[in-house]
Amino acid sequence: MADVWSAALIGGLIAILVVYFFLRDLVATAVVALTIPVSVLATFLPMQQAGVSLNVMSLGGLALGIGMLVDNSIVVLEAIDRRRLQGASRALAAALGVGDVAGAVTAATATTVSVFLPIVFVEGIAGQLFRDLAVTVCFSLLASLLASLTLIPALVALDPSRWLSLSAGISTSSTGDTELPLRSLQLGPIVLLPLGESRRARLLGALLLPLRLFLALLAGLVWGALRLATGTLTFLTQPLSSLLELLSQRYPAALRSALRWRVSILLVTLGLFALSLVGARRLPQSLVPSLAQGTLVFQLRLPEGTPLERTLQSVRQLQAPLRADPSFARVFATVGSIPAAGSGRTTQGEHLARLDCVLAPGASADAARARVKAVLGALPNLVAEEREGQALSLSAPIAVHLFCEDIERLEASAARIQSSLALLPGLTDVTSTSEAGTPELRIRPLRERAANLGASADAVARGAETPQLEASVEAVARLRVRLTSGEVVPISAVAEVSLERGPAAIYHVSGARVARLEARLASDATSRGDLSGSLAEVRRVLREAELPPGVVVELAGQDRELEASFSSLRLALGLAVFLVFVVLAVQFESLRHPLVILLSVPLGAIGVIATLLLSGSSLSVLALIGAVLLAGIVVNNAIVLVDAVNRRRQAGEALEDALVAGASERLRPILMTSATTVLALLPMAVGWGAGSELRAPLAHTVIGGLVGATLLTLLVIPCVYLVLSRPTAGGPAREDS
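Counting of residues starts from 1 at the beginning of each chain's written sequence and follows it residue by residue. In keeping with the predicted nature of the model, local features appear solely for residues at pLDDT of at least 70, side-chain atom pairs appear and are counted solely at 80 or more, and the whole-chain, interface and lining totals rest on all residues. Each side-chain value is worked out from all heavy atoms of the structure, with water and hydrogens disregarded.

### What to know about the pattern of salt bridges
One speaks of a salt bridge when a side-chain nitrogen belonging to Lys or Arg is within 4 Å of a carboxyl oxygen belonging to Asp or Glu. The tally for this structure, following the rule as stated, stands at 18 salt bridges. Where Arg-83 meets Asp-100, a salt bridge forms, and the shortest distance between an N and an O atom there is 2.9 Å. Taken as a pair, Arg-83 in helix α5 (residues 71-85) and Asp-100 in helix α6 (residues 90-114) lie far apart in primary sequence, 17 residues in all. In this structure, the salt-bridge partner of Glu-665 is Arg-648, at a minimum N-O distance of 2.8 Å. One end of the pair, Glu-665, is in helix α25 (residues 655-665); the other, Arg-648, is in helix α24 (residues 635-650), with 17 residues separating them in the sequence. Using a 1.4 Å probe on the protein chains alone, a residue whose accessible area is under 20% of its type maximum counts as buried, one over 50% counts as exposed, and one in between counts as partly exposed. For Glu-665, a relative accessible area of 15% puts it in the buried group. A residue is classified by how much of its surface remains accessible, and Arg-648, at 23% relative accessible area, is partly exposed. Segments assigned H or I by DSSP are reported as helices when at least four residues long, segments assigned E as strands when at least two residues long, and all are numbered from the N terminus.

Okay, here's the thing in structure tokens:
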């Protein structure tokens, strides 16, 4: 979990740097940055009450929301700063600024939180992964909302100059002409004020002078370091600052042009959305990405009949070069059994073994796998299969159940399907529970002959219990059986002795005898996450298979979990959008404005699908969880934009002027909040450390969707607002009834 903490910490630092880039004020940046630790610490108590532990997904929720924690504070601080520029005092500006945007930030947070309410309908692995993440994000966002509406205005209302003069007796002098009190000590820009004029105060000042000088020097060094750092950052980001300034100047004219060509803008946007839907059908589907667990597991089979001592000697021969390889931290083995496919049981056999190779930190899994396979290939008559450990309670990627009460037909059908699946290029390591067991001697009484001679089945069984040094058909056939008459005859006279091979185990599902086939996705299919494509090939094989009567086949494994998770997440996404609409309708007391805001959701979908297509990623459960979360995030920019336009229209401005002025007013806050969220997610998107395969797809989805929605929102949402609020002939703009 240290990697998750690192991702959250780096994301928080990036968010603070982005805030400073936009504000260019150390005090304001420190005030906004204070929201992050306050919100995170305030999240832990409700997490404990909700029964959520600190795990990879809950900490991933904190890392995911770290950039969103400052969004509300940025909007509040920007509103307070605008009131300050209008001439209001600090306290009055704090009160008026919070009043201006309290409704907007509350609605924005409520929409984000509301998308997590449908979690109760999410089933399967998606529900396991989603719950802890959802609860953590909700609590952290609610804490950040409370901090932005209370702590931020309280800190802004304070006067920093009074802190210095009242607390430490240290002040600053900007010019050398300032008249200082008697007995003051000036060190450059820092001035040590006297503690008082009484004799006791002067004595105390003399005693504390070394400490005050040290504190003043320390404060000067810290302030100088901060000035140097901020100056360097300002210099390095000067091109971006110029670009932002140019964008602020050109945006109003570009928006007016977009409003004039609003129909064309909306048609192009509709075309992009249609193309994204077509592209979504081409995306491969998977349940969860393959997890790199740092361990390579191989099941080993020597020729049947190999004694246990020989198997142990062969395993030690394999371990020796691997233990000397620095790529492996530990190499250990289990001899005499391997886990049975499709169950928690084990298959016993003196010729079986399992080899576990734990990778050293920083070792390449591909190179280590090639090294192990080279060592295994040097041992003749060895069959090795790589197996995957399960970090999550998941079924095998591909699993097929064959049902039949006739064991011979069941084994023959399982062998036929297994050979067909092994030919598919997207599958590897096809195994079956219908494994041949160890050779066994079977004694079948010849009932009529035994009855004529007077030999019962119990007598035959007692005769076969005699321990033999040589277990062969001839030796067992020579065993003696005592008849009821007292005569002794060989077993072969009353029974048939044969050498046969029975099943290793007999499995049942819902009371029916079953053979279970399992397979892993090949490396190329795994890298693309194309579980859906592999399942389609398996279905084709099962349709074309000619099975004997009485054999029923069905697809199991992750196919069921994939269908259940996707259907429940689609339901959750629909309910999330509906709840967002309800929250907005209550906030704006309108039906039209929530519809305008909700159009940012398909704008985000364009960015999500484009990101998945360009990166070659699959549409997994993690990506859909990110899409559900995105439904509550992308509307925030549209909320603050529509709220600013509505306030200007209520002040009497014309519709188009209100749109241009309101959008221009909210341009910097929209860019700032989106940039903090996106850049703070970069450490998660890069994907390092344990469990990164679970967090990275979610971050990719949110980043792609938010970037696309932000760029399109600045132009498309004003056009939609204008179309839905266009003036009627000879009258003012239409208002909601």
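### A look at the nonpolar core
As used in this record, nonpolar core signifies buried Ala, Val, Leu, Ile, Met, Phe, Trp, Tyr and Cys residues forming a set joined through side-chain atoms within 4.5 Å. Counting residues in hydrophobic clusters, the biggest one holds 145 residues, and the most contacted among them are Phe-130, Leu-421, Val-538 and Ile-639. Whether two residues are in contact is decided by their heavy atoms, any of which lying within 4.5 Å being enough. Ignoring any residue separated from it by four or fewer positions in sequence, one finds Val-538 in contact with Ile-398, Val-400, Leu-421, Leu-424, Leu-427 and Leu-555. Among the nonpolar cores identified, the runner-up in size contains 19 residues, and Val-315, Phe-328, Leu-355 and Val-375 belong to it.

### Here's the deal with the packing of helix α23 (residues 621-633) against α24
For the pair α23 and α24, the least separation of the axes is 5 Å and the interaxial angle reads 10 degrees. As summarised for this structure, α23 and α24 are arranged roughly parallel, according to the angle between their axes. Mapping the contact onto sequence places Ala-631, Gly-632 and Ile-633 in α23 and Val-635, Asn-636 and Asn-637 in α24. The residue classification treats Ala, Val, Leu, Ile, Met, Phe, Trp, Tyr, Cys and Pro as nonpolar and Asp, Glu, Lys and Arg as charged. All others, Gly included, are polar. Class assignment of the residues belonging to the contact of α23 with α24 gives a composition of three nonpolar, three polar and no charged. Every axis in this analysis is a line fitted to C-alpha atoms, fitted for helices over the stretch in contact. Angles between the N-to-C directions lie between 0 and 180 degrees. We call two directions roughly parallel when the angle between them is under 35 degrees, roughly antiparallel when it is over 145, roughly perpendicular when it lies between 65 and 115, and oblique otherwise.

### So, the confidence of the model for the chain
The predicted structure's coordinates, where accompanied by low pLDDT, should not be read in detail. Per-chain confidence: the chain averages 78 in pLDDT, with 84% of residues scoring 70 or above. Low pLDDT, under 50, characterises residues 161-176; the stretch is placed with 24 contacts to residues that sit more than four places away or in other chains. In this model residues 728-737 is a low-confidence stretch, pLDDT under 50, and it forms 18 contacts with partners more than four residues away in sequence or in other chains. Values of pLDDT, the confidence the predictor places in each residue, fall between 0 and 100.

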